[in-house]
Each structure stands twice: as structure tokens, then as C-alpha cells.
Amino acid sequence: FICTPVWFGRWLSPLTVLLFGVGAWIPIGSFLTFAGTVKRIPFMTVVLLAAACFTWLDANDNHAVRRIGDAPVPLGLNDYFKKWADARGTKQHPYPVFLIATEGGGIRAACDTAVVLGGLQDENPEFFEHVFAISGVSGGSVGATVFSAYYKSCHANGVQPKPEEHYYTAFATNTFSQDYLSPVLGMALFPDLLQRFIFPDIPWFDRARGLEKAFERSVTNQSASLLTKSYFDWHKPYNSGPALLLNTTEVKSGRRMTMSPFTFCESNYCKPLLPWDVNDNCDVSLSSAMVLSARFPIVTPAGYFIHSGANEQTKYRFVDGGYYENSGTATLLDILSVLRTNDTYRFYVIRIGHAFESDTSTNKARALPKYGKSGFDELSPIFAVMNAREARGDDATHELSDALQAYGMSDMIEFTWKQNGVALPLGWYISEAACDNLVQQFQTNVESRKMVHDIVSRPAVASVVAR
């Protein structure tokens, strides 16, 4: 699994990997128990206590986020946007600019995000040149990043598919219907579990790398090479491609941290942490940045950066962005508060996520509670935490909608999904039938598709060639 986690894991399949892992560790535990009985030495207890001590002393934390160099001096949001707009040689006035928020939800959210982006690009060949930024959380970050890398690869190589080919939609369903659970499970049950009993830390044993490699190798070679390159190099303003704003949660403070190629704070206090706040040497690969946003509980561990201060080093740990806010809309609200609409540019917001259900008590469309049906009072604090996460995303979405009205902008264009007979799972394994169901739900959203088409199909703009 250390050498070939993707090929070997997928060859075995998730259930086989799980049984293989249990079968491999049971003889070791049995031997330690038998030896302890014979020698009258509690070997098993000693080993477990040693593992607990290593973890308590932070002596074998091998989940550092892979770093590949120094980050450049960041541009401010206005300067970055100006370079992005100048590269497009805008001819429309006002020039339409899309900002996209895509929520978390494991492989389901990743597939749905790629399906929506792919479908819109298939129907509107100029669509992606109008997308300035995508704010993603968890699986939404994965879908946005993988699709953007694939689009940039195709664009750079002159691929110009016809709308009737459904070229990008096919890429989305083919890519995300693959097995992403087995590589992570294999890394977790073997090298990463072994790391709990030894020190010092061995970065190659990190199970999060299994997920990164699975995505790197699940797309074409050219797209995979883009996923392994620098996050900041990928965001050169003259390149064709959106700014990927990948949201995660800092453990110690509970604050949102946004992987962003620019700064976007108007005051000394910035609501989200930015890469420069937590790590001097913060440039990471594109795949590492997206998986940092998708630290699915238990399956993928908390990743960390080391920040060197004047007198001491500080370790910042990060978990899934959905712990703070699962919709991605909070970051777009920060962006719009700086940019807003003017005579030259007009901004449109697209939300990709679940469909809000009607709350009959208030006659408003709000996310109804998802957790808390159990009768155990002892579980109420856990249910409260989970429902608070959903409520924060719901509130952020409605705050963004209110801000759009206050700024005189069009309301959000929504592409939503719902459970309608085909199971849409939350983990890292989704069936082809579920992918096809997400495609069907996108296709039935005729109103939103028409809105995007009408915006993009205005007088043509100068094409941008990715460099």
C-alpha cells in the first residue's frame, strides 16, 4: 500500500481491504497476547500504552500537509481581479462574472459539482472563461479542483468538444464513479495504523496521501500533472481558470481557513484565516490543497502546518471545511463585499448543493434538522453540534442572498440535488447509477440552465489561451 495504494487498493475493493486488514492484525495481537501469557509480561498492554504515549506527546504525527516550496507575495483581491479581467480582453459591458459556491458532502458533492460545471461548459463553451472564483467545501472542493484541472488541460491542448458530445459531463461521471475508498482504507489499516506504534513520524505513511494519489491518477495524465503542481503557480492571473477558494477549519480556534491565491480583507481583522497566517512556507500541490478541505471525519486525518514565529513554532491543525460552514457561501460573501457590481462588471452567484425543504412553521425554505431522531438524551450534544453545522451553512446562504439584493444584484442561480429513489452516498464511493441520477437532476433544472445560457450567450468575448 505504501508503493501502490491506488492500484492495489482498487484491485482488492473496499470490503476485501477491510477483511485483509483485520486478518493481518489479528495474528499480531494474538501473538502478543500469547507471548504475554507465557512470559507473564503484558506485551499487549505495553504496546497500547506506548501508542497512547506517542500520540499524547505528539511524537509520531505524520499528517503534515505536503509542501513544495515558498509561496509568492500575495496580491490583493482587487489587483488579482484586474489581472484576471485584463487577460480576457472584455468586450461586453457590463462583463458577466460568475462566482460559484459548492457545498460539502463527500463523493456525492464532488460528483455533483463536476456534473454541474461539466454540463454548463458543454452547453456554453465560453462559460468557464466567465468564472472568476469557486468557493468549495470538502467534496465540493474536490469536484471543483479536479474538473478545473481537466478543463485547463483540454483548453491548453485546443480541445473544443461539440455541445452534443457531452464531453465534460462524461468526464465527471467516469472520474467520480471510480473507487476512492479502497486506497484510503488500505493506507489507514496498514502503514498509517503501524505509525501509531512507532516514532518518529514517517510522512509516506499518511493515509491522506492515498486519497491525493487516487485523484491524481484517476484523470488523464496531463490533468494529473496539473494536480501535482503548485497551488499558487496554477493560479497565475493570466491563466484560463477560476480561483479555487478551498475552505477548511482550524482546530484550535475553530475558524475558517481559506486556501486562496489572494488576500481579501478590507480591515486588519479577517474573518477567515489565509495561508500566509499559518505557514511561512505555505505553497502546496493542488491535490494537497483540495484534500486539506476534504478531511472527511475519521477517514482522513487532520492535516497540519508549522508556523515559525519570533520565539516559537506553532502547529496549526486543519479538518474538514464543513465543520465551520458547509455551503461555501460565507467566503463568496467576503469576496462580494470587496468587489461588488459596477458599470464594467456584473457578478452572478451560482450555488451547487442540496435543495432546501420548506419549513411549514415559518413558511420559508430552510434546511430542516437532519440529526436527532434518536431518543437517547445523552446524544443530544452531538446532534446539536451536527445540526449547528448545517444551520450555519443555511444562514450563510441566506445572508449571501440578502447581500445580493442589497447590492442590487440578481439572486442566486441554484443547481440543487435531492434524494429521489437512488441512494446518493456521503462517503468516497459512489455508483454509476448515482452519478447518472445527478446528471438527470441537472438536466431537469431547465430554468437555471437557461439563465446561465442567456448570460453567457451575449456578444462574444475574446478567448483566453491557458499558458
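Placed above this text is the structure.
Residues numbered from 1 in each chain as written. Predicted model: local features only at pLDDT ≥ 70, side-chain atom pairs only at ≥ 80, totals over all residues. Heavy atoms only, no water.

Engineer: Got a minute to help me understand the pattern of salt bridges in this structure?
Structural biologist: Within the structure shown, the criterion is met by 13 salt bridges. The shortest N-O distance in the salt bridge between D192 and R207 comes to 2.9 Å. Residue D192 is located in helix 9 (residues 191-195), and its partner R207 is located in the loop between helix 9 and helix 10 (208-216); the two are separated by 15 residues in the primary sequence. Taking the relative accessible area as the measure of exposure, D192 reaches 2% and is therefore buried. With its nearest N and O atoms 2.7 Å apart, the salt bridge here joins E414 to R351. Of this pair, E414 sits in strand 14 (residues 413-417) while R351 sits in strand 11 (residues 345-354); the two residues are 63 residues apart in sequence, bridging distant segments of the chain. Among the charged side chains, a salt-bridge network with shared partners connects D58, D61, K315 and R317. (Salt bridge = Lys/Arg side-chain N within 4 Å of Asp/Glu carboxyl O. Helix = DSSP H or I, 4+ residues; strand = E, 2+ residues; numbered from the N terminus. Buried < 20%, exposed > 50% of the residue type's maximum accessible area, 1.4 Å probe, protein only.)

Engineer: What's the story with the pairing of strand 5 (residues 243-250) in this structure? I'm lost.
Structural biologist: Regular strands place side chains that alternate from one sheet face to the opposite one. For strand 5, the buried fraction is high: 8 of the 8 residues fall into the buried class. Burial along strand 5 is two-sided: the residues A243, L245, N247 and T249 and L244, L246, T248 and E250 are all buried. With 5 bridges joining them, strand 4 (residues 131-137) and strand 5 adopt parallel strand pairing. Paired with S135 across the strands is L245, a residue of strand 5. Judged from the 4 bridges that link them, strand 5 and strand 6 (residues 256-259) form a sheet pairing that is antiparallel. Looking at strand 6, one finds that T249 is bridged to R256. (Pairing = 2+ DSSP bridges.)

Engineer: In this structure, what is going on with the packing of helix 15 (residues 329-339) against helix 16 (residues 380-406)? I would like to understand it.
Structural biologist: When two helices pack together, their arrangement is given by the angle between the helix axes and by the axis-to-axis distance. The N-to-C vectors of helix 15 and helix 16 enclose an angle of 25°; their axes lie 8 Å apart at closest approach. One element, helix 15, and the other, helix 16, form an angle in the roughly parallel class. Both helix 15 and helix 16 take part in a crossing whose hand is left-handed. Side by side, helix 15 and helix 16 meet where T329, A330, L332, L333 and L336 of the first sit next to G393, A396, T397, E399, L400, A403 and L404 of the second. Taken together, the residues that form the contact of helix 15 with helix 16 break down as 8 nonpolar, 3 polar and 1 charged. (Axes fitted to C-alpha atoms, helices over the stretch in contact; angles between N-to-C directions. Parallel < 35°, antiparallel > 145°, perpendicular 65-115°, else oblique. Left-handed = near helix turned anticlockwise from the far one by under 90°. Contact = heavy atoms within 4.5 Å. Nonpolar A, V, L, I, M, F, W, Y, C, P; charged D, E, K, R; others polar.)

Engineer: Would you mind going over the packing of helix 2 (residues 14-39) against helix 8 (residues 181-189) with me for this structure?
Structural biologist: Contact pair helix 2 / helix 8: the axes reach a minimum separation of 9 Å and the direction vectors enclose 10°. In terms of orientation, helix 2 lies roughly parallel with respect to helix 8. Of the residues in helix 8, those in contact with P14, V17, L18, G21 and W25 of helix 2 are L181, S182, L185, G186 and L189. Considered class by class, the residues forming the contact of helix 2 with helix 8 number 7 nonpolar, 3 polar and no charged.

Engineer: I would appreciate a short explanation of the environment of G136 in the present structure.
Structural biologist: Mapped onto the fold, G136 is located in strand 4. The spatial distance from the C-alpha of G136 to the C-alpha of T102 is 5.0 Å, given a sequence separation of 34 residues. Those residues in contact with G136, other than ones at most four positions away along the chain, are T102, S141, L245, L246, N247 and S293.

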